[in-house]
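Here's the letter readout for the chains.
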Amino acid sequence: METAKQKLLFESGNELAAYAAKQINYHVMGYYPITPSTQIAEYLDRMGANGKHTIALIPAEGEHSAAGICYGASAGGGRVFNATSANGLLYSLEQLPVQSGTRLPMVLNVACRTVSGPLSIKGDHSDIMFTLNTGWIILFADSPQEVYDCNICAVKIAESLRLPVIVAFDGFFTSHQKRNCYVFSEDETVRNFIGPVRTDYTSLNPEKPVTIGSYMNEPDLMNNKYQLHLAMEKARTVIPQVFAEYEQLSSRKLKTAKSYKADDAEVLLFVLGSAYHTAKAAVDKLRNKGKKVGVFTIGVLRPFPAEEITDLCKNVKTVLVADRQDSYGAGGGNMSLEIRAALQQKGLTPRVISRIYGLGGRDFFEKDAIELFESCYTENIPDFDYLGVYPGETEFEPKPYFKAVTGSEIPAIISCAEENGKLIVMGATVRDTTARPKRLAPGHGACPGCGIPVNVNLLLRGMEGNVVLLFQTGCGMVVTTGYPKTAFKVPYVHNLFQNGAATLAGLSKMYHKMQERGELPPGDITFIMVSGDGGMDIGMGSGLGTALRNDPVILFEYDNGGYMNTGYQLSYSTPMGAKSATSHLGEKQRGKSFFNKDMPRIMASTGMPYVATVAESEPNDFIKKAAKAQYYAKNYGTAYIKCLSACPLNWGDKPNTERKVIAAAVNSCYFPLYEVEQGHTSLSFDPEAKNKKIPVADWLKMMGRTKHLCEEKHSDILRLIQQEVDLRWNRLKAMSEHPEL
């Protein structure tokens with residue numbers, strides 16, 4: 001095999017993963033955005049919009065569903081691709097053994113990142129180690145070049161073994177840092193190397209029907225797992241073979257394990273990923289001082305290359321294993337445990353020292369590697385420790401940044417009373433509530449013009465007494481709680497997108513149960529979940545479960561029409577036709593391809609006591625509905641409020657115009673203001689009756705993300721949007737006029 005023609009690119013690991021996927025031209029990619037892997041889908045979407053590949057990119061509403069999309073697609077016999085990180089990987093984790101247990105090949109890129117909590121988006125290896133027992137081949141790339149190379153090899157390995165393959169690499173270090181890298185000049189070179197799709201069975205052949213995923217008892221299940229074991233053992237031969245073939249094609253050598261100056265080393269340092277290159281520089285410095293040190297790493301985590309590792313370590317006195325994650329309580333991270341076991345099995349007895357380093361994306365510098373090496377020459381050092389931790393202040397007493405705002409400090413202004421089956425609210429206006437102290441302080445890091453603090457403060461203006469806030473992950477959470485400070489003057493809890501409503505329901509139940517038992521004094525607290533940035537996509541299941549149980553909480557959604565905290569990818573609430581980082585404009589694609597989700601109607605279908613939409617352009621209506629939501633949550637069960645929340649950074653408009661933009665969304669009936677009270681729908685604001693109704697185009701042209709829809713070449717999309725807006729508006733009016741709806 002001759003070396004193929006290649007070209008030099010200056011790209012990041014994420015870009016090269018996408019480039020390899022483009023050249024492979026997978027059939028399907030199911031995905032969900034999560035930092036730092038999101039760019040892979042973004043780059044593929046941009047290339048697809050310009051006709052560079054024909055991969056079907058399917059945006060899921062969460063990582064669990066993305067994994068399901070991939071599993072279903074692979075059952076169809078084609079090539080399948082995905083990318084994720086951190087808690088997204090964990091959210092999809094139960095799907096991974098399904099994929100391997102049914103022997104359906106695919107490729108998953110993991111840009112490794114810290115698993116929360118506390119929430120951190122920086123890179124370490126705490127996520128990838130959860131996959132070790134899932135039955136997947138795991139390759140680990142330590143450079144952007146290897147990300148590209150491993151992605152191409154992964155397809156061939158997966159289809160040869162009928163096993164799925166993970167290509168892992170360091171989040172932000174490898175995923176985002178650009179390097180000079182070589183790629184094949186022609187896509188056909190890659191496609192010829194991996195060959196045609198090799199499929200033993202498929203769900204898409206009615207002439208030869210198969211059942212995939214049968215129910216199994218012992219001993220069949222035992223045999224199934226044994227066959228998976230045999231496939232993994234076969235990988236020990238297949239992976240080096242594929243690497244050798246790839247070396248002939250590319251002149252680049254991939255290895256299951258590799259080392260630097262290990263032959264005569266007395267001390268060997270093990271690191272995984274991009275830290276290997278930093279450690280090599282430290283080795284050179286210490287060698288110049290006469291110290292016989294070396295470093296090694298592995299490019300394959302599964303199957304674990306025990307033979308290669310023990311061969312490297314057979315003559316050393318000390319092996320220092322540096323883990324970028326901890327297996328808490330085990331005296332080392334997973335690599336420490338596995339390297340110790342491999343050495344013991346071979347009867348090798350070097351001293352093995354474990355150090356945890358680089359958690360939460362903490363940089364690993366040359367001086368850190370030198371410190372690790374030199375510690376091995378020190379007597380009486382512990383076998384296990386953390387590198388770079390600092391002692392806390394034993395005398396430290398935390399002090400509040402703000403004086404707490406309790407219910408006793410909230411003037412009792414608003415009153416609610418039921419009359420003839422309707423709830424009458426008095427005192428719920430901007431003017432009446434001006435004197436109320438803000439429970440969200442001005443000290444936050446939101447972008448200029450951001451609607452989140454505006455909407456949260458308007459919501460809280462309508463709340464009497466004590467409140468507890470729960471924020472799902474998103475911009476609202478990130479800009480207000482940067483450790484060690486907080487912008488909240490009331491109790492606050494955070495949980496991830498997919499579980500906010502359930503978490504709040506549990507907190508509410510604990511409060512009432514402890515009161516019931518006399519463990520908390522009598523009183524009243526309103527429990528409010530704040531969600532946005534796509535949080536009611538991945539969080540919809542939890543929200544619907546809370547509504548169906550009718551837990552006494554308020555679910556508040558600030559809808560800014562995208563996954564904003566990850567850089568504006570499309571969400572299910574993004575307007576049809578809008579451009580985003582995963583719905584580009586090009587000759588083959590014209591923005592988001594489907595209509596925005598109508599979450600208030602979905603929530604209303606649960607039969608919950610109160611559903612409402614609000615907008616900052618109608619603040620009195622906003623505050624009144626907040627008061628109603630509190631009343632219903634206290635007396636009847638779950639309440640849901642949704643506002644349209646401005647995001648000038650990603651909407652492509654000006655911060656000082658956002659109230660007008662929001663008003664235009666209301667007046668165009670794209671975002672109608674109404675409420676569903678005990679099952680009865682009523683309009684709160686009728687732009688037709690006020691002679692304010694405008695075409696939806698007048699709203700769309702105010703934002704950079706959608707103004708292209710007003711061009712003639714996109715008139716068909718604009719027409720569909722207007723038809724859908726009119727349909728929803730007419731249905732809403734009809735329901736408002738109907739005595740039973």
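On a predicted model such as this, the values are computed, not experimentally measured, just so you know. (Residues numbered from 1 in each chain as written. Predicted model: local features only at pLDDT ≥ 70, side-chain atom pairs only at ≥ 80, totals over all residues. Heavy atoms only, no water.)

## Observations concerning the overall build of the protein chain
Per the secondary structure count, the protein chain includes 23 helices and 27 strands. For the protein chain, whose C-alpha radius of gyration is 29 Å, the value lies close to the compact-globule estimate of 27 Å for 741 residues. Along the first, second and third principal axes, the C-alpha atoms of the protein chain reach 85 × 70 × 55 Å. When the 741 residues of the protein chain are sorted by exposure, 56% land in the buried category. Expressed as a percentage of contacts within the protein chain between residues at least 6 apart in sequence, the contacts between residues at least 24 apart total 77%. Total accessible area on the protein chain stands at roughly 31,500 Å², and carbon and sulfur atoms take up 52% of it. Separation between the mean location of the 79 positive side-chain charges and that of the 78 negative ones in the protein chain comes to 3 Å. (Helix = DSSP H or I, 4+ residues; strand = E, 2+ residues; numbered from the N terminus. Rg over C-alpha atoms; globule rule 2.2 N^0.38 Å. Buried < 20%, exposed > 50% of the residue type's maximum accessible area, 1.4 Å probe, protein only. Contact = heavy atoms within 4.5 Å. Areas by Shrake-Rupley, 256 points an atom, 1.4 Å probe, with all protein chains shown as cover. Lys, Arg positive; Asp, Glu negative; His and termini not counted. Charge placed at Lys NZ, Arg CZ, Asp CG, Glu CD.)

## What to know about the pairing of strand 17 (residues 422-426)
Along strand 17, the buried face is formed by Leu423 and Val425; none of Lys422, Ile424 and Met426, which line the opposite face, is buried. For strand 16 (residues 415-419) and strand 17, the ladder comprises 5 bridges, and the chain directions are antiparallel. Among the inter-strand pairings, glutamate 419 is bridged to a residue of strand 17, identified as lysine 422. Between strand 16 and strand 17, which pair antiparallel in sequence order, lie 2 residues; one of them, asparagine 420, sits at a positive phi of approximately 55°. (Pairing = 2+ DSSP bridges.)

## Overview of the sheet that holds strand 12 (residues 300-302)
The pairing of strands in a sheet comes from backbone hydrogen bonds and takes either a parallel or an antiparallel form. Spatially, the 7 strands line up as an open sheet ordered 3-2-4-5-7-6-12, and their pairing is mixed. Single-partner strands in this sheet number two, and they are strand 3 (56-59) and strand 12. Sheet twist, expressed as the mean angle between neighbouring strand axes with direction ignored, is 20°. Note: strand 2 (residues 28-31) against strand 4 (residues 80-84), 2 bridges, orientation parallel. Opposite valine 28, over in strand 4, you have valine 80 as the bridge partner. Contacts from helix 6 (residues 144-161) reach strand 4, strand 5 (107-112), strand 6 (137-140) and strand 7 (165-170), with the element oriented near 160° to strand 7. (Axes fitted to C-alpha atoms, helices over the stretch in contact; angles between N-to-C directions.)

## So, empty space enclosed by the protein
Taken as a whole and assessed by the stated rule, the structure comprises 5 cavities of 30 Å³ or more. Along the wall of the largest cavity there are 20 residues; nearest its centre are Gly78, Leu104, Pro105, Arg198 and Thr199. Here the lining of the largest cavity gets 3 residues from one element, more than from any other, and that element is helix 6. Looking at the lining of the largest cavity residue by residue, the class counts come to 10 nonpolar, 4 polar and 6 charged. When its volume is computed, the second largest cavity comes out at roughly 110 Å³. Lining the second largest cavity are 16 residues, and of these Ala67, Asn82, Ser92, Leu96 and Leu108 sit closest to its centre. At the level of elements, helix 3 (63-75), strand 4 and helix 5 (95-101) are the ones that each hand at least two residues to the lining of the second largest cavity. No other element matches the 4 residues that helix 3 contributes to the lining of the second largest cavity. (1 Å grid on protein atoms, 1.4 Å probe; cavity = no way out; pocket = protein on both sides within 12 Å on 5 of 7 lines; lining within 4 Å. Points joined across faces, edges and corners; volume = space filled by probe spheres on them. Nonpolar A, V, L, I, M, F, W, Y, C, P; charged D, E, K, R; others polar.)

## Concerning the nonpolar core
Among the nonpolar cores identified, the biggest contains 59 residues, and Met29, Leu44, Ile137, Tyr148 and Ile157 are the most heavily contacted of them. Apart from the residues lying within four places of it in its own chain, the contact partners of leucine 44 are Ala18, Ala21, Lys22, Met29, His53, Ile55, Leu57 and Phe81. Core analysis: the second largest hydrophobic core is formed by 51 residues, Ala501, Leu504, Tyr670 and Leu673 among them. (Core = buried A, V, L, I, M, F, W, Y, C linked by side-chain atoms within 4.5 Å.)

## Here we look at the sheet that holds strand 13 (residues 318-323)
The strand order 9-11-10-13-14-15 describes an open sheet built from 6 strands, whose pairing is mixed. Among the strands making up the open sheet, the edge pair consists of strand 9 (257-260) and strand 15 (384-386). Averaged over all pairs of adjacent strands, the angle between their axes in this sheet comes to 20°, without regard to strand direction. Most of the contacts of helix 9 (residues 275-288) go to strand 11 (residues 293-298), to which it runs at about 165°, and overall it touches strand 9, strand 10 (267-270) and strand 11.

## Some points on the layout of surface pockets
Taken as a whole, the largest pocket holds about 1,100 Å³ of empty space. Along its surface, the largest pocket is lined by 42 residues, and Ser116, Pro118, Leu119, Ser120 and Ile121 are the ones closest to its centre. Contributing elements (two or more residues each) for the lining of the largest pocket: helix 4 (86-91), helix 14 (475-478) and strand 19 (492-495). If one sorts the elements of the lining of the largest pocket by residue count, helix 14 sits on top with 3 residues.

## A closer look at the packing of helix 9 against helix 12 (residues 366-375)
Between two packed helices, the angle of one axis relative to the other and the distance separating the axes together describe the packing. Orientation of helix 9 relative to helix 12, taken along the N-to-C sense of each, is 60°, at an axis distance of 8 Å. As far as their axial angle goes, helix 12 and helix 9 are oblique. Pair helix 9 / helix 12 crosses with right-handed handedness. Here helix 9 contributes Thr278, Ala279, Ala281, Ala282, Val283, Lys285 and Leu286 to the contact with helix 12, which in turn contributes Glu366, Ala369, Ile370, Phe373 and Glu374. Classifying every residue of the contact of helix 9 with helix 12 by side-chain character gives 8 nonpolar, 1 polar and 3 charged. (Parallel < 35°, antiparallel > 145°, perpendicular 65-115°, else oblique. Left-handed = near helix turned anticlockwise from the far one by under 90°.)

## Some details on helix 9
A rise of 1.5 Å per residue sets the reference length of helix 9, with its 14 residues, at 20 Å; its end C-alpha atoms lie 21 Å apart and thus fit the reference within 8%. Of the positions making up helix 9, those classed as buried are Ala275, Tyr276, Ala279, Ala282, Val283 and Leu286. Each buried residue of helix 9 sits inside an arc of 115° when the element is viewed along its axis, so together they form one side. In this fold, the buried residues of helix 9 make contact with strand 7, strand 9, strand 10, strand 11 and helix 12. Positioned one or two residues after helix 9, glycine 290 has a phi angle of 90°, which is positive. (Expected span 1.5 Å × (residues − 1). Arc of directions from axis to C-beta.)

## Section: the pattern of salt bridges
Note on pairing: side chains with opposite charge can pair once their charged atoms come close. Tallied over the full model, the rule gives 38 salt bridges. Its salt-bridge partner being glutamate 11, residue lysine 178 comes within 3.6 Å of it at the nearest N-O pair. Of this pair, lysine 178 sits in the loop between strand 7 and strand 8 (179-184) while glutamate 11 sits in strand 1 (residues 6-11), and the two are 167 residues apart along the sequence. The exposure class of lysine 178 is partly exposed, given its relative accessible area of 33%. Across the salt bridge formed by glutamate 374 and lysine 291, the nearest N and O atoms sit 3.9 Å from each other. Linking glutamate 374 in helix 12 with lysine 291 in the loop between helix 9 and strand 11, this pair joins segments that are 83 residues apart in sequence. By relative accessible area, which is 32% here, glutamate 374 ends up partly exposed. Here the salt bridges share partners, and the residues they tie into one network are Lys22, Asp187, Glu188 and Arg191. (Salt bridge = Lys/Arg side-chain N within 4 Å of Asp/Glu carboxyl O.)

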